[in-house]
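# Summary of the model geometry
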Amino acid sequence: MEITNVKIRKTFENEPLCAVMSVTFDDCIAVHDVKIINAGGRSFLVMPSRKNSQGEYKDIVHPINSSFRQKLEETLVEVYKREVSVLSQV
């Protein structure tokens, strides 16, 4: 499965939440509300989730294996950092 498109929907300044993104896979399926969070000195991926009746958040879509999760996280964080770099030069 290939990541064929990434769109940054919204960015945030000075918050743990850095960006909300949409990702398209194989030009066939889109996943919205993927978040980039900055905490503990690093940026990482948070998949779309829903709050259940016990008040816990559960992912509604997520990578099945760690290698794809790593690839997805690296790609999205890189896209985010590139966008922030471009915006800071304007």
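Check the entry above for the structure.
In short, a report on the structure.

### Let's talk about unusual backbone geometry
Even without a glycine there, the phi angle at Asp26 is positive, about 50°. Among the secondary structure elements, Asp26 is positioned in the loop between strand S2 (17–25) and strand S3 (29–39).

### Let's talk about the pattern of salt bridges
The full count for this structure, using the stated rule, is 3 salt bridges. Across the pair Glu73 and Arg42 runs a salt bridge whose closest N-O atoms are separated by 3.5 Å. On the criterion of sequence distance, the pair formed by Glu73 in helix H1 (residues 66–89) and Arg42 in strand S4 (residues 42–46) is long-range, its members being 31 residues apart. With its nearest N and O atoms 3.9 Å apart, the salt bridge here joins Glu78 to Arg82. Of this pair, Glu78 and Arg82 both sit in helix H1, 4 residues apart, which is roughly one turn of that helix. Take Glu78: its relative accessible area is 42%, and that puts it in the partly exposed class. The exposure class assigned to Arg82 is partly exposed, which follows from its relative accessible area of 48%.

### Points about the sheet that holds S3
The antiparallel open sheet is built from 4 strands, whose spatial order is S1-S2-S3-S4. One side of each edge strand has no neighbouring strand; the edge strands of this open sheet are strand S1 (3–11) and S4. Averaged over all pairs of adjacent strands, the angle between strand axes in this sheet comes to 30°, irrespective of strand direction. With 7 bridges joining them, S1 and S2 adopt antiparallel strand pairing. Looking at the pairing, Val6 lines up with Val23 of S2.

Each value, and the rule that gives it
The numbering scheme is per chain: residues are counted from 1 as the chain's sequence reads. Totals for whole chains, interfaces and linings use all residues, but because this is a predicted model, local features are given only for residues with pLDDT of at least 70 and pairs of side-chain atoms are given and counted only at 80 or more. Only heavy atoms go into the side-chain values, all of them from the structure, while hydrogens and water stay out. Think of it this way: any DSSP run of H or I at least four residues long counts as a helix, any run of E at least two long counts as a strand, and we number them from the N terminus. Note on definitions: salt bridges are taken to be side-chain nitrogens of Lys or Arg within 4 Å of carboxyl oxygens of Asp or Glu. Summary of the burial criterion: residues with accessible area below 20% of their type's maximum are buried, those above 50% are exposed, and those between are partly exposed, where the area comes from a 1.4 Å probe applied to protein chains only. Criterion used throughout: strands pair if DSSP finds at least two bridges between them. Lines are fitted to the C-alpha atoms to define the axes, a helix being fitted only along its stretch in contact, and any angle between axes, read from their N-to-C directions, falls within 0 to 180 degrees.

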